[in-house]
Amino acid sequence: MNHTIEIEEKLLCYHCGDECADESITVEDKHFCCHGCQTVYEILQDNNLCGYYDLNSNAGISLKAKNFEGKYSYLNDNVIVSQLLDYQSDNLSKVTFYIPAVHCSSCVWLLENFNKIRKGVITSRLNFLKKELSLSYNPAEVGLQEIVELLATLGYEPLLNLESTTKPQKVNAQQRSLILKIGVVGFCMGNIMMMSFPEYFHLDLKNNIDATYQKFFLYFNFVLSLPVFFYGAYDYLNGAYISIRENINKTTNVFSVDIPIAVAIITLYGRSIYETFINHSSGYYDSLAGLIFFLLVGKWMQQITYNYLSFERNYKSYFPLAVKVLRDQSERFLNVMELKKGDTIFIHHQELIPADALISKGKAMIDYSFVTGETDPVSKKVGEMIYAGGRQIGEGIELVVQKPVSQSYLTQLWNNEAFLKEKVMPTTELANLFSKYFTIITFLIASFAGIYWAFVEPSLFWNSVTAVLMVACPCALTLSMPFTMSATMAIFGRNKFYVKNQGVIQLLNEVNEIVFDKTGTLTESNSEKIQFVGTANLSEFEQKLVKTLCSQSMHPLSKMIAKSITLQDFSPLRIDYFQEFQGEGIEASIDGNLVRIGKRGFIQSANKLQEINHTHALIEINGLYIGYFVIQTAYRTNWQNTLTKLNKQFRLFLLSGDNDADREKLAPYFQKNSLFFKQKPQDKLNFISKEQKAGNHVLMIGDGLNDAGALRQSDVGIAISEDIKVFSPACDAILDASKFSQLSDFLKFSKTSLNIVKASFILSLVYNFIGIGWAVTGQLSPVLAAIFMPLSSLSVVLFAVGLTHLFAYFRKL
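Residues numbered from 1 in each chain as written. Predicted model: local features only at pLDDT ≥ 70, side-chain atom pairs only at ≥ 80, totals over all residues. Heavy atoms only, no water.

A. Just the overall build of the protein, in detail. Broken down by element type, the protein carries 25 helices and 28 strands. The contacts in the protein between residues at least 6 apart in sequence include a share of 67% that link residues at least 24 apart. Accessible surface, the protein: about 39,200 Å² in total, of which carbon and sulfur atoms supply 54%. (Helix = DSSP H or I, 4+ residues; strand = E, 2+ residues; numbered from the N terminus. Contact = heavy atoms within 4.5 Å. Areas by Shrake-Rupley, 256 points an atom, 1.4 Å probe, with all protein chains shown as cover.)

Take a look at the structure:
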């Protein structure tokens, strides 16, 4: 018998690619998941920009539940707008937005053509790597609010917060100088090599024309070598001078690795000048330029970081840009930094409280999870204090400011000493230690070789001394570290683990303790699940009663319960009476049934029920206790395996601002007396400081502002983020939440990368032993020494980088 299997094809949105619930929203033969996506398509179609979909299918951003009404009203205020603009005049204004949703070539194409969509926009340029959109527009034709709302409608909502008014810092002067040096030395290197072709091909110097050109090329190479030596190599020469001076003054006993490098550079350059002006033959300017070029590139690679990520965020990245204020009996929008005591501010659903304030009107339900780690929303009545950083859930409220933003409870955290001092990143201690003995041994070998040949064969004296000094250069040592660490950073980045700089990888090797936050770190953000607990499941009629009652309330828990009850063809039952008791519960008469939902004291029939630690709501129908709904937080995928692996190598701690409802669930994965709950931000910082004073090296992993102090105080702070493009507190690394299960792999690979550097040091030593041994015999000519030096450095770099990628391949990173 033949069976026909029908495969149901999913109906995907033409704009964003999400699954469509039905075929109700269509334009021509194209289906859309929501009216937002349909609107974007129609805007693009009206402006002949549907080529957007030709570049990448389903390239758009889902716009379900997008509602921008009134959200950007403050952008009509000229004072607020002027704080955002880069430039403004009567007919031209310029602004730069950060657009987190940019992700593909279609995004680039659409935003670069934004001026074709809205009249008044003059130019639109996108920096894809930094996700920055630079717009110039005519304020007489279009306002900033209209531009932002249109971008948001298209799915490219700009990230506007208090930090948006801070002008970007200029490029680091030291980094600019280094890039300029690389450019100058690279230019000279290329031209020196080109001018050295006559020497490479052995021109006939008996020919007057060839001889003339040969002299010209020799002197021209000397001229090109001047900026290479005096400008490009300045940092190494100056570093060697300072190190020698400090050793003479006995302020340090560390020999900088710059000393043997400077000796090799000076020897190579001095011998080249001797060959050019005394022997009228080619020097080694090409080897010199190549050596310094690779050293500078290695130095630059040490400074590489992820420019499109911010590792130095504070409360300004989290706070709103402006808020509606009642001051002197007039309403207006103000920058939150301008708030002062006595101002009345208006806060709506899902908006953040920017300053410590007293509630003067409305019912407040404050979510402090991102500030304290406490998952349960806190109910507040008129006259009670609300602290900055909380988020209102429910109806609009009015607050009277008690402290300016800079003095609020939350911002006081940034006045802690941990934020005022810079973290000390490790230097190349191994290289410096090696350099001390390497330099002394090199000079001794060169001296003995010179003395020996001065008596045995004087003609080989200078050849042997200069060859030893040229070959014995620890360039491979200085290059293997930055190139290996840079390769490791690239591998981590490919796996969505972004470290601030190469020093962080070295610090990870020293860690022996790991401290976890719970909410948003071990658990998933915004992933609460509603579960009913009772002696029996709710009947369909009881579900209708509960859903009807909860649908009448603005309380977030009521909304979650109503949403969790899914019934086909549901229509609310008839309500004869409804009342909400603030902070207690709700009740209603529905089709002749008295239904009550709320706390233990409100549901008296459940007084004998055992204590429930999680957020919950008890249910009573016609005076009978039925059961309760409880919110359970979802933990991250494979969190148990991750903690089990880490527990074998590190001492683990949990510092949570939440209650201890999950203590029994977490206890098997932590050692005794390692779980701490109801911890304030200062408590976390103090705990880490205490562990460090005991000699431990601490890694902190958190996600919220309540973890900012601990992340800063720790030896290494990793912020875990559901979306790396949006807010995460100041940290040393950012880990994408989807890669949490690979945390142990990243820590293990950081140790591997440092072992590869050590192996590179050993290989470099082998090269130096071979080269120095050959040079001492007097048989190694300066030409071969000049070639041997960059080749050994290059081979060590290739060894280090190649081995790093090989290990990453075998470990599937």
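There is more to say after this.
B. Highlighting the packing of aromatic side chains. Taken as a whole and judged by the stated rule, the model has 18 aromatic pairs. Considering the side-chain rings of Phe-653 and Phe-687, the 5.0 Å spacing of their centres and the 70° angle between planes classify their relative orientation as edge-to-face. Taken together, the residues span a long stretch of sequence, with Phe-653 in strand β24 (residues 651–655) and Phe-687 in helix α22 (residues 681–693) at a distance of 34 residues. The class for Phe-687 is buried, based on a relative accessible area of 10%. It is Lys-324 that lies over the ring of Phe-346; its NZ or CZ is 5.9 Å from the centre. One residue, Arg-596, lies across the ring of Phe-602, its end atom 4.0 Å from the ring centre. (Phe/Tyr/Trp six-rings, centres within 6.5 Å; stacked < 30°, edge-to-face > 60°. Buried < 20%, exposed > 50% of the residue type's maximum accessible area, 1.4 Å probe, protein only. Lys NZ or Arg CZ within 6 Å of the ring centre and 35° of its normal.)

C. Spotlight on a positive patch on the surface. A cluster of basic residues, Lys-645, Lys-648, Lys-748 and Arg-811, forms a positive patch at the surface. The topology assignment puts Lys-645 in helix α20 (residues 639–647). (Patch = residues over 30% accessible without salt bridge, like charges linked within 9 Å, V, L, I, M, F, W, Y side chains within 5 Å. Salt bridge = Lys/Arg side-chain N within 4 Å of Asp/Glu carboxyl O. Lys, Arg positive; Asp, Glu negative; His and termini not counted. Charge placed at Lys NZ, Arg CZ, Asp CG, Glu CD.)

D. Quick peek at the nonpolar core. Counting 44 residues, the largest nonpolar core has Ile-514 and Phe-516 as the members making the most contacts within it. Among the elements that line this core, the one with the most residues is helix α24 (residues 743–776), at 7 residues. Ignoring any residue separated from it by four or fewer positions in sequence, one finds Ile-514 in contact with Leu-646, Phe-650, Arg-651, Leu-652, Phe-653, Leu-699, Ile-701 and Leu-747. (Core = buried A, V, L, I, M, F, W, Y, C linked by side-chain atoms within 4.5 Å.)

E. Region of the structure containing α22. For α22, spanning 13 residues, the distance from its first C-alpha to its last is 19 Å, which sits close to the expected 18 Å at 1.5 Å a residue. Burial in α22 covers these residues: Pro-681, Lys-684, Leu-685, Phe-687, Ile-688, Ser-689 and Glu-691. Gly-695 lies just past α22 and shows a positive phi near 95°. (Expected span 1.5 Å × (residues − 1).)

F. Spatial organisation of the environment of Gln-38. Here Gln-38 is to be found in helix α1 (residues 35–46). Owing to a relative accessible area of 17%, Gln-38 belongs among the buried residues under this scheme. Once residues within four sequence positions are removed from consideration, Gln-38 is found in contact with Ile-25, Val-27 and Phe-32.

G. The arrangement of the confidence of the model for the protein in detail. For the protein, the mean per-residue pLDDT works out to 78, and 79% of the residues sit at or above 70. Within the model, pLDDT remains below 50 along residues 1–8, and this stretch shows 0 contacts once partners closer than five positions in the same chain are excluded. (pLDDT = per-residue confidence, 0-100.)

H. Representation of the pairing of strand β22 (residues 616–621). When you tally the buried positions in β22, you get 5 out of 6 residues, the bulk of the element. In this sheet, β22 lies alongside strand β21 (residues 593–598) in antiparallel orientation, the contact comprising 4 bridges. Residue Arg-596 lies in a different strand from β22, and its bridge partner there is Glu-620. With 6 bridges joining them, β22 and strand β23 (residues 624–632) adopt antiparallel strand pairing. When the sheet's bridge partners are listed, Leu-618 is paired in β23 with Tyr-628. Between β22 and the antiparallel strand that follows it, β23, lie 2 residues; Asn-622 among them carries a positive phi value of about 55°. (Pairing = 2+ DSSP bridges.)

I. Structural detail: the sheet that holds β24. The sheet built from 7 strands is open, its strands ordered β16-β28-β27-β26-β17-β24-β25 with mixed pairing. Unpaired on one side and paired on the other, β16 (497–499) and β25 (675–676) mark the two borders of the sheet. Strand direction decides the pairing type here: strand β17 (residues 513–516) and β24, joined by 4 bridges, are parallel. The partner of Glu-513 across the bridge, within β24, is Arg-651.

J. A look at unusual backbone geometry. Despite not being glycine, Asn-622 shows a phi value in the positive range, around 55°. Assignment of secondary structure puts Asn-622 in the loop between β22 and β23. On the basis of relative accessible area, Asn-622 is assigned to the partly exposed category, the value being 44%.

K. Molecular detail of the pattern of salt bridges. Under the counting rule described, the total for this entry stands at 12 salt bridges. Between Asp-343 and Arg-327 there is a salt bridge whose closest N-O contact spans 2.5 Å. One end of the pair, Asp-343, is in the loop between β8 (330–335) and β9 (344–347); the other, Arg-327, is in strand β7 (residues 322–327), with 16 residues separating them in the sequence. Neither Asp-343 nor Arg-327 differs from the other in exposure class; each is buried. Of the charged contacts in the structure, one is a salt bridge between Arg-574 and Asp-576, with a shortest N-O distance of 2.3 Å. Assessed through its relative accessible area of 45%, Asp-576 is described here as partly exposed. Taken together, the shared-partner salt bridges connect Arg-574, Asp-576 and Asp-591 into one network.

L. Molecular detail of the sheet that holds strand β4 (residues 93–98). As summarised here, the arrangement of the 4 strands in space is β3-β4-β6-β5, forming an open sheet in which the pairing is antiparallel. The open sheet is flanked by β3 (87–88) and β5 (121–127), the only strands paired with a single partner. Pairing geometry for β5 and strand β6 (residues 132–137), over 6 bridges, is antiparallel. The residue of β6 that forms the bridge with Ser-124 is Leu-135.

M. Summary view of the side chain of Thr-484. When you line up the elements, Thr-484 lands in helix α16 (residues 475–494). What Thr-484 contacts, discounting residues up to four positions off in sequence, is Ser-753, Ile-756, Val-757, Ala-800 and Thr-804.

N. Main features of a nonpolar patch on the surface. Taken together, the side chains of Ile-440, Leu-444, Phe-448, Ile-451, Tyr-452, Phe-455 and Val-456 make up a nonpolar region of the molecular surface, amounting to roughly 770 Å² of accessible area. Structurally, Phe-455 can be placed in helix α14 (residues 429–456).

O. Broad picture of helix α9 (residues 234–248). Here α9 is 15 residues long and its end C-alpha atoms lie 21 Å apart, about the 21 Å a rise of 1.5 Å per residue gives. What α9 keeps buried is the set Tyr-236, Gly-239, Ala-240, Ser-243 and Asn-247. An end-on view of α9 places all buried positions within 100° of arc, on one side of the element. Note on α9: the residue one or two positions beyond its end, Lys-250, has a positive phi of about 60°. (Arc of directions from axis to C-beta.)

P. Layout of the packing of α9 against helix α10 (residues 258–277). Following both chains from N to C, one finds α9 and α10 inclined at 125°, their axes separated by 8 Å at the closest point. As summarised for this structure, α9 and α10 are arranged oblique, according to the angle between their axes. With respect to the hand of their crossing, α9 and α10 are arranged in left-handed fashion. Contacts between α9 and α10 involve Asp-235, Tyr-236, Leu-237, Gly-239, Ala-240, Ser-243 and Ile-244 from the former and Asp-258, Ile-259, Ile-261, Ala-262, Ile-265 and Ile-266 from the latter. Looking at the contact of α9 with α10 residue by residue, the classes come out as 9 nonpolar, 2 polar and 2 charged. (Axes fitted to C-alpha atoms, helices over the stretch in contact; angles between N-to-C directions. Parallel < 35°, antiparallel > 145°, perpendicular 65-115°, else oblique. Left-handed = near helix turned anticlockwise from the far one by under 90°. Nonpolar A, V, L, I, M, F, W, Y, C, P; charged D, E, K, R; others polar.)

Q. Spotlight on the environment of Glu-157. Tracing the chain through its elements places Glu-157 in the loop between α5 (144–153) and α6 (173–195). Residues Glu-157 and Ile-99 lie 58 residues apart in sequence; the distance between their C-alpha atoms is 6.4 Å. Here the side chain of Glu-157 touches Tyr-72 through a polar contact of 2.4 Å, side chain to side chain. (Polar contact = N/O pair within 3.5 Å; in protein donor to acceptor, adjacent residues only side chain to side chain.)

R. Inspection of the pairing of β6 at higher detail. By the bridge criterion, 6 bridges tie β4 to β6 in an arrangement that is antiparallel. Across the sheet, the residue bridging to Thr-96 is Ser-134, located in β6. Joining the antiparallel neighbours β5 and β6 is a turn of 4 residues, in which Lys-131 adopts a positive phi near 60°.

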